[in-house]
Amino acid sequence: MHSALTFVAVLCALLALAGAAYFAMCIAAARRFQRECSRLCYGETRFTPPVSILRSLKGLDPHMYSAFRSHCRLEYPEYEMLFGVSEADDPALALVEKLREEFPQAKLRVVHCPTALGLNGKVSNLAQMLPQARYEYIVINDSDILVPRNYLLRVLAPLAQPGVGMVTALYRGRAGKTLGSKLEALGLSTDFSGGVLVARAMEGGIRFGLGATIATTKTILREIGGLEPLADYLGDDYELGARAAAAGYQVRLADIVVETALPDYSFRDFWAHQLRWARNVKDRRGAQYFGLIVTFGLVWAVFAVAAAPRAWWTWLVLAVTAALRVMSAVVVGRGVLDDPQVLRDLWLLPLRDVVALAIWLVSYFGDEVEWRGLRFRLRHGKLERI
């Protein structure tokens, strides 16, 4: 019994140390991103081509009107904003009309998208909106994304560089009042963003997109096959970036952070949302997804102490791993994303990590996901109705 517990303690300690090394990588990648951003002058660039912003709508999101307003106050010479809806009575249209009244000078258009091109309604709308866009340069973001006034200047600037075909951006979540909402926001600002920064620092860089922002051109979208082939994919943002990278284009991370308002998730809704994301990543990037085992370093360190509480080295592993976990969360969440909630909710990190490990384990026992109240099965990234 004693030897079995020792083996468990050693195994967990090794996983914890691998996690500590990963947290150190997150810190280094975040510092590198900050240094490189400080040397850039994207906010002063004179690369300001006319831009079409495409936003697919489906119902109402928290703080949606604030997100709409932020796009009407951008410091940019010429841009338009298109709102795509599949149903003529979508409640979000009332907000668009209110926006027109408040900003009569803004170029706003509603595009009705009656055809269901696939199971992903967002992509179906975007594919029907794209031909209606007046300009060559395109920005796609989710309907609940709130942006700063220099958003387009910072997002479009990398596209002026040779070889860059797509730009995406980090985002933080504005948490609601529930525990599920706070755990979601904490995960976005620490785990998720840390992983993106590490991917950016690796050889080859980012080879995916993030739904909070995707900036590209009509020409590049045509070259990679357009939006229609993605109408059945769950992770359409990932696919767009992957296809741009496969076509030989660089995918850059903008030196700007946007914000999304998170619903007041019940714990069940939070779990379903996280499991959907987890199974999609597992389905598309199996080896990388298994590698996430090291990101639960704090939990492994606690398990090591539980298995061998009298061994001094398990406590040392816990101290080192916990320190690097907290430091990584603060450097990424507060330093890079400027998320004021991170310090307030830092005490939730252990619970967040335990839940994340549970979701990671459960994700291997099935391929079904829940999305907008419906059940689907994932096959190579594509949705299949059950």
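Visitor: How would you explain the packing of aromatic side chains if you had to name every residue and give the values?
Guide: Throughout the structure, instances matching the rule amount to 12 aromatic pairs. With a centroid separation of 5.7 Å and 55 degrees between ring planes, the pair formed by F267 and F270 is classed as tilted. Here F267 and its partner F270 are both found in helix α9 (residues 267–284), three residues apart, which amounts to about one turn of the helix. F267 gets classed as partly exposed once you look at its relative accessible area, which sits at 41%.

Visitor: Please set out the environment of G235 residue by residue, giving values where relevant.
Guide: With respect to the helices and strands, the residue G235 is situated in the loop between α7 (218–223) and α8 (236–246). Accessibility expressed as a relative area gives 8% for G235, which makes it buried. When the C-alpha atoms of G235 and K382 are compared, they prove to be 8.4 Å apart, with 147 residues separating the residues in sequence.

Visitor: Provide a residue-level description of the pattern of salt bridges, including the pertinent values.
Guide: All chains considered together, the criterion is met by 28 salt bridges. One salt bridge in this structure joins R174 and E259, with 2.8 Å as the shortest N-O distance. In this pair, R174 sits in strand β6 (residues 164–174) while E259 sits in strand β8 (residues 250–261), placing the two residues 85 residues apart along the sequence. Residue classification places E259 among the buried positions, given a relative accessible area of 15%. In this structure, the salt-bridge partner of R268 is E370, at a minimum N-O distance of 3.0 Å. Separated by 102 residues along the polypeptide, R268 in helix α9 and E370 in strand β9 (residues 368–371) bring together distant segments of the chain. Of the residues examined, R268 reaches a relative accessible area of 51% and is grouped as exposed. One network of salt bridges, in which partners are shared, links R268, D269, D367, E368, E370, R375, R377 and R379.

Visitor: A description of the packing of helix α6 (residues 179–201) against α9 should follow, citing residues and the corresponding values.
Guide: It is the contact of α6 with α9, at a shortest axis distance of 8 Å, that shows an interaxial angle of 30 degrees. It follows from the interaxial angle that α6 and α9 lie roughly parallel. Across the interface between the two elements, G180, L183, E184 and F192 from α6 touch F267, F270, H273, Q274 and W277 from α9. Across the contact of α6 with α9, the residue classes break down as five nonpolar, three polar and one charged.

Visitor: Please give an account of the state of the cysteines that cites residues and values.
Guide: Where two cysteines share a covalent bond between their sulfur atoms, that bond is called a disulfide. The tally for this structure, following the rule as stated, stands at zero disulfides. The thiol sulfur of C72 is not disulfide-bonded, and the nearest other cysteine sulfur, from C113, lies at 19 Å.

Visitor: I'd love a proper account of the sheet that holds strand β5 (residues 145–146), names of residues and values included.
Guide: Backbone hydrogen bonds hold the strands of a sheet together, and the pairing may be parallel or antiparallel. As summarised here, the arrangement of the eight strands in space is β3-β2-β1-β4-β7-β6-β8-β5, forming an open sheet in which the pairing is mixed. Every interior strand has two partners, whereas the edge strands, β3 (108–112) and β5, have only one. Running at roughly 145 degrees to strand β1 (residues 51–56), helix α4 (residues 121–129) makes contact with β1, β2 (79–85), β3 and β4 (137–140) of the sheet.

How each quantity is defined
Residues numbered from 1 in each chain as written. Predicted model: local features only at pLDDT ≥ 70, side-chain atom pairs only at ≥ 80, totals over all residues. Heavy atoms only, no water. Phe/Tyr/Trp six-rings, centres within 6.5 Å; stacked < 30°, edge-to-face > 60°. Helix = DSSP H or I, 4+ residues; strand = E, 2+ residues; numbered from the N terminus. Buried < 20%, exposed > 50% of the residue type's maximum accessible area, 1.4 Å probe, protein only. Salt bridge = Lys/Arg side-chain N within 4 Å of Asp/Glu carboxyl O. Axes fitted to C-alpha atoms, helices over the stretch in contact; angles between N-to-C directions. Parallel < 35°, antiparallel > 145°, perpendicular 65-115°, else oblique. Contact = heavy atoms within 4.5 Å. Nonpolar A, V, L, I, M, F, W, Y, C, P; charged D, E, K, R; others polar. Disulfide = S-S within 2.5 Å. Pairing = 2+ DSSP bridges.

The values are spatial; any link to function lies outside them.
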